[in-house]
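These are the residues of each chain, in order.
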Amino acid sequence: MEQRIAFQDGNKGLLDGLFKIGMYLKQSGLDHKLQELIKTRASQINGCAYCLDMHWKDAIAIGETEQRLYSLSAWRECPYYTDAERAALAYTEAVTKIPQTEVTDEVFNELSKHFDKAQIADITMAILAINSWNRLNVAFRTIPGGYKPGMFN
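None of these values were measured; they are calculated from a predicted model.

## Considering the overall build of the protein
1) Next: For the protein, the helix and strand inventory stands at 7 helices and 0 strands.
2) Next: Each helix and strand of the protein, placed in order from N terminus to C terminus, yields the pattern α-α-α-α-α-α-α.
3) Next: Since a compact globule built from 153 residues should have a radius of gyration of about 15 Å, the 15 Å found for the protein is in line with a globular shape.
4) Next: Along the longest, intermediate and shortest principal axes, the C-alpha atoms of the protein span 45 × 30 × 30 Å.
5) Next: In the protein, which comprises 153 residues, the proportion classed as buried is 40%.
6) Next: Entry remark: accessible area of the protein is about 8,700 Å², with carbon and sulfur atoms responsible for 55%.

## Examining a nonpolar patch on the surface
1) Next: Residues Phe19, Met151 and Phe152 make up a contiguous nonpolar surface patch of about 280 Å² in total accessible area.
2) Next: Within the secondary structure layout, methionine 151 lies in the segment after helix 7 (117-140).

## Considering the packing of aromatic side chains
1) Next: In the structure shown here, the tally under the stated rule is 6 aromatic pairs.
2) Next: For the ring pair phenylalanine 7 and phenylalanine 140, a centre distance of 5.6 Å and an interplane angle of 55° mean the geometry is tilted. With a gap of 133 residues between them, phenylalanine 7 in the segment before helix 1 (16-26) and phenylalanine 140 in helix 7 connect regions that are remote in the sequence.
3) Next: Assessed through its relative accessible area of 21%, phenylalanine 7 is described here as partly exposed.

## Regarding unusual backbone geometry
1) Next: One non-glycine residue, arginine 141, adopts positive backbone phi at about 55°.
2) Next: Here arginine 141 is to be found in the segment after helix 7.

## A short note on the nonpolar core
1) Next: Counting 25 residues, the largest nonpolar core has Leu34, Tyr91, Leu111, Phe115 and Ile123 as its most contacted members.
2) Next: Going through the elements one at a time, helix 2 (32-46), helix 5 (83-96), helix 6 (105-112) and helix 7 are the ones with two or more residues in this core.
3) Next: With 7 residues, helix 5 is the single largest residue contributor to this core.
4) Next: Beyond its immediate chain neighbours, meaning those up to four positions away, leucine 111 contacts Ala87, Ala88, Tyr91, Ile120 and Ile123.
5) Next: Formed by 10 residues, the second largest nonpolar core is a distinct cluster that contains Leu15, Leu18, Ala42 and Tyr50.

## Here we look at helix 2
1) Next: Relative to the 21 Å expected for 15 residues at 1.5 Å per residue, helix 2 spans 21 Å between its end C-alpha atoms, a close match to the ideal helical length.
2) Next: Within the span of helix 2, buried status applies to Leu34, Gln35, Glu36, Leu37, Ile38, Lys39, Thr40, Arg41, Ala42 and Ser43.
3) Next: The inward-facing, buried residues of helix 2 abut helix 1, helix 3 (49-61), helix 4 (66-70), helix 5 and helix 7.
4) Next: Phi for glycine 47, located one or two positions after helix 2, is positive at around 65°.

Cut-off values and rules
Residues numbered from 1 in each chain as written. Predicted model: local features only at pLDDT ≥ 70, side-chain atom pairs only at ≥ 80, totals over all residues. Heavy atoms only, no water. Helix = DSSP H or I, 4+ residues; strand = E, 2+ residues; numbered from the N terminus. Rg over C-alpha atoms; globule rule 2.2 N^0.38 Å. Buried < 20%, exposed > 50% of the residue type's maximum accessible area, 1.4 Å probe, protein only. Areas by Shrake-Rupley, 256 points an atom, 1.4 Å probe, with all protein chains shown as cover. Patch = residues over 30% accessible without salt bridge, like charges linked within 9 Å, V, L, I, M, F, W, Y side chains within 5 Å. Salt bridge = Lys/Arg side-chain N within 4 Å of Asp/Glu carboxyl O. Phe/Tyr/Trp six-rings, centres within 6.5 Å; stacked < 30°, edge-to-face > 60°. Core = buried A, V, L, I, M, F, W, Y, C linked by side-chain atoms within 4.5 Å. Contact = heavy atoms within 4.5 Å. Expected span 1.5 Å × (residues − 1).

Listed below in structure tokens is the structure:
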């Protein structure tokens, strides 16, 4: 596979907005392990190898278990995700797959049992950001494998 476009080939400031969202989310108070689960699950759905490599490594670096990561695509069948994580993962899938489905009241209401409106807004922003990164990396064919945890902090 050959990379089509490297991010440094873009105009200065191309990614500033996405980096600013990332900085906001790091300081938002939203659990970092939950954010990594969201990023990894959306990246699985979108087939983004670069983001899967990155967020798997970042999740491990902050103490997430390999078991929970390698089982993430089958989270509904696994007993080791909390009810709050399950609600966030269902919401992640619904928002990521909006072209094929919708964000149902059932999914949103379950999320609302575990998170307040501000937290739901942050979760939604995390989903939107990773979907943007996924689309950039898939379109540009960014080569996975070279990421080191915390590399872009």
